[in-house]
Amino acid sequence: MTENLRKLSDEGVSIWLDDISRERLRTGNLEHLVKERHVVGVTSNPTIFAKALSKGSAYDDQVRDLAVRGVDVEEAVRAITTYDIRWGCDVLRPVHDRTEGLDGRVSIEVDPRLARDRERTVAEARALWWMVDRPNLFIKIPATVEGLPAISQALSEGISVNVTLIFSLERYGQVIDAFFEGLERARENGLDLSKISSVASFFVSRVDTEIDKRLDKIGSEEAAGLRSKAGVANARLAYALYEERTASDRWKALKDAGARPQRPLWASTGVKDPDLPDTLYVDQLIAPGTVNTMPEATLEATADHGEVPGDTVRASYDQARAHMNALKQVGVDYDDVVRVLEDEGVQKFETSWTELLDTVAGELRDKGGAKGSGA
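Below or above, wherever it landed, is the structure these notes cover.

The rules we used
Starting afresh in each chain, residues are numbered from 1 along the sequence in its written order. In view of the model being predicted, local features appear only for residues whose pLDDT reaches at least 70, and side-chain atom pairs are presented and counted only at 80 or more, with totals across whole chains, interfaces and linings using the full set of residues. Values shown for side chains rest on all heavy atoms present in the structure; no hydrogens or waters enter the calculation. Each helix is a run of H or I in the DSSP string that is no shorter than four residues. Each strand is a run of E no shorter than two, and both are numbered from the N terminus. For this measure, only C-alpha atoms enter the radius of gyration; the expected value for a globule follows 2.2 Å times N^0.38, where N is the number of residues. With a 1.4 Å probe rolled over the protein chains alone, any residue whose accessible area is under 20% of its type maximum counts as buried; one over 50% counts as exposed, and the rest are partly exposed. Contact criterion: two residues are considered in contact whenever any of their non-hydrogen atoms come within 4.5 Å of each other. Accessibility throughout is a Shrake-Rupley quantity obtained with a 1.4 Å probe, and a residue counts as covered only by protein chains that appear here. Any Phe, Tyr or Trp ring, taking Trp's six-membered ring, that has another such ring centre within 6.5 Å forms a pair; planes under 30 degrees apart are called stacked, those over 60 apart edge-to-face, and the others tilted. Strands pair, by our definition, only if DSSP identifies at least two bridges between them. Fitted lines through C-alpha atoms give the axes, limited to the stretch in contact for helices. The angle between two N-to-C directions lies from 0 to 180 degrees. Throughout, the arc means that of the directions going from the helix axis to the C-beta atoms. For this document, the term salt bridge refers to a Lys or Arg side-chain nitrogen within 4 Å of an Asp or Glu carboxyl oxygen. Orienting the strands away from the viewer, one traces the path from the first strand over the helix to the second; a clockwise path indicates a right-handed crossover. Throughout, nonpolar core names a set of buried Ala, Val, Leu, Ile, Met, Phe, Trp, Tyr and Cys residues whose side chains join them through atoms within 4.5 Å.

**Quick notes on the overall build of the protein**
- Helices and strands together make up the secondary structure of the protein, namely 17 helices and eight strands.
- The C-alpha radius of gyration computed for the protein amounts to 20 Å, which stays within 12% of the reference 21 Å derived for 375 residues, consistent with globular compactness.
- Taken along its principal axes, the extent of the C-alpha atoms in the protein is 60 × 50 × 40 Å.
- In the protein, which comprises 375 residues, the proportion classed as buried is 57%.
- Counted over contacts in the protein with a minimum sequence separation of 6, partners at least 24 positions apart contribute 79%.
- Surface accessibility of the protein: about 15600 Å² in total, with carbon and sulfur atoms responsible for 47%.

Set out below in structure tokens:
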């Protein structure tokens, strides 16, 4: 069952797991996926942590100690999440060493309530970088307008960054600029660029969900024929932009100084529409130098029946452009779509973060009380 995953890895796609939990770490499941399923990285987000905290008893001992110490909820959440991330980094450290820092990465997100606040985002990134204290850590920073200078600042200080919540090609271009600027400033600061890493998380399935909803509302036969293709087309054009920008003189100068490219990462690759193939966002986005972060169900589906014919991106640029033009012709406003998706993405993570705070607050009360809600 691992043949498809091996072939995918051989095509230059790094397979990352979009999940982490204390239970997965404690039982050795993550280590098993690394050894048996070609997993070479892990991503997390507030939703994943909220789900992990709401199940089982894996966190009980730590929560009880935090309650006895009387810490507030904010501190408790940081202690709990950074513990898991630090453990995950240690599990992935052999991969990190074997790939000379390319993979073996584990991501933790800054408090999503700070997504529109540059200064506090940078301060949070520094704090998480210090608390986890592992070279194979990624700090996830949302690609909001306010997040762009925070991304550059973090990189300039040697903090490796996973740029998240990218939906539009225009914003992706701005993310690449922020990455270049951060590395240029790091070089000026005398830092070793080969030690600084970054990925750009381009979301896929959510694009289809939003655009399909609009196509269904339009209701024409032509609109119906365009369903469920925009997510892949948008991501393929992102890869075209990646190729264009890594061929620039600006990038070549950074590469000559030891920098590694900011790899495109396909996020939100779990298929939402049950009528679609469950490996769609894996099979159709195979290209060298990319990362595909998958929920475990998608990982197992790919292992079982995924199709890995080779590169499925670079020969499809014209087709992708034609599809996006066709969407415009039937009345789909791309700029409005990506604006809505970014706003919803930030809001969803804020909601999950609040749920996480509420869950931990309840656990602290049950196991001895806390100083305050922190929410």
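Past the structure itself, the notes keep going.
**Considering the environment of Asp60**
- Tracing the backbone through its elements, the reader meets Asp60 in helix α5 (residues 60-69).
- Along the backbone, Asp60 and Ala224 are 164 residues apart, and their C-alpha atoms lie at a distance of 50 Å.

**Some words on the packing of aromatic side chains**
- For the structure on display, the rule yields eight aromatic pairs.
- Between Phe167 and Phe203, the ring centres sit 5.3 Å apart and the planes meet at 50°, which makes this aromatic pair tilted. Of this pair, Phe167 sits in the loop between β5 (161-166) and α9 (169-188) while Phe203 sits in strand β6 (residues 198-203), and the two are 36 residues apart along the sequence.
- The exposure class assigned to Phe203 is buried, which follows from its relative accessible area of 6%.

**Points about the sheet that holds strand β4 (residues 137-142)**
- An order of β1-β2-β3-β4-β5-β6-β7-β8 is seen for the eight strands of this closed barrel, with the pairing classed as parallel. Each strand of the sheet is rotated relative to its neighbour by a mean of 30°, with strand direction disregarded.
- Pairing analysis gives two bridges linking strand β2 (residues 39-42) to strand β3 (residues 105-109), with the strands arranged parallel. By the bridge assignment for β3, Gly41 is matched with Arg105.
- In the packing of helix α8 (residues 147-156) onto the sheet, contacts are made with β4, β5 and β6, and the angle to β4 comes to roughly 160°.
- In this fold α9 packs onto β5, β6 and β7 (263-267), with an angle of close to 175° to the strand it touches most, β6.

**Remarks on helix α15 (residues 296-305)**
- Burial in α15 covers these residues: Thr298, Leu299, Ala301, Thr302 and Ala303.
- Contact partners of the buried residues in α15: α1 (3-10), β1 (13-17), α3 (29-36), β2, α14 (280-283) and β8 (290-294).

**Here we look at α5**
- Buried within α5 we find Gln62, Val63, Leu66 and Ala67. Along α5, the residues classed as buried sweep out an arc of 140° about the axis, all on the same side. Facing away from the buried surface of α5 by more than 90 degrees, the exposed residues are Asp61, Val68 and Arg69.
- If you follow the buried residues of α5, they end up packed against α2 (22-26), α6 (73-98) and α17 (334-366).

**A few points about the pattern of salt bridges**
- Under the criterion given, the structure shown has 40 salt bridges.
- Residue Arg93 pairs with Asp97 through a salt bridge whose shortest N-O separation is 3.0 Å. Taken as a pair, Arg93 and Asp97 lie in helix α6 at a separation of four residues, close to a single helical turn.
- Asp97 sits in the partly exposed class, given a relative accessible area of 45%.
- As a salt-bridge pair, Arg214 and Asp336 come within 2.8 Å of each other at their nearest N and O atoms. Placement of the pair is Arg214 in helix α10 (residues 205-218) and Asp336 in helix α17, with a sequence separation of 122 residues.
- Accessibility expressed as a relative area gives 19% for Arg214, which makes it buried.
- The network of salt bridges with shared partners includes Arg116, Glu146, Arg171, Glu210, Lys213, Arg214, Asp336, Arg339, Glu342 and Asp343.

**Looking at unusual backbone geometry**
- Of note in the backbone geometry, Leu165 takes a positive phi value of approximately 60° without being a glycine.
- Along the polypeptide, Leu165 turns up in strand β5.
- Classification of Leu165 as buried rests on a relative accessible area of 3%.

**Side note on the pairing of β6**
- The buried count for β6 comes to six of six residues, which makes it a mostly enclosed element.
- Of the two faces of β6, both are covered, the one formed by Ser198, Ala200 and Phe202 as well as the one formed by Val199, Ser201 and Phe203.
- Here β5 pairs with β6 via four bridges, running parallel. Looking at β6, one finds that Ile166 is bridged to Phe202.
- What joins β5 to β6 is α9, and the crossover it makes is right-handed.

**Brief notes about the nonpolar core**
- Ile85, Ile139, Tyr172 and Val360 are the most contacted members of the largest nonpolar core, which has 121 residues in total.
- At eleven residues, α17 tops the list of elements feeding residues into this core.
- Look past the residues within four positions of Tyr172 in its chain and what remains in contact with it is Ile166, Ala200, Phe202, Ala238, Leu241, Tyr242 and Pro264.

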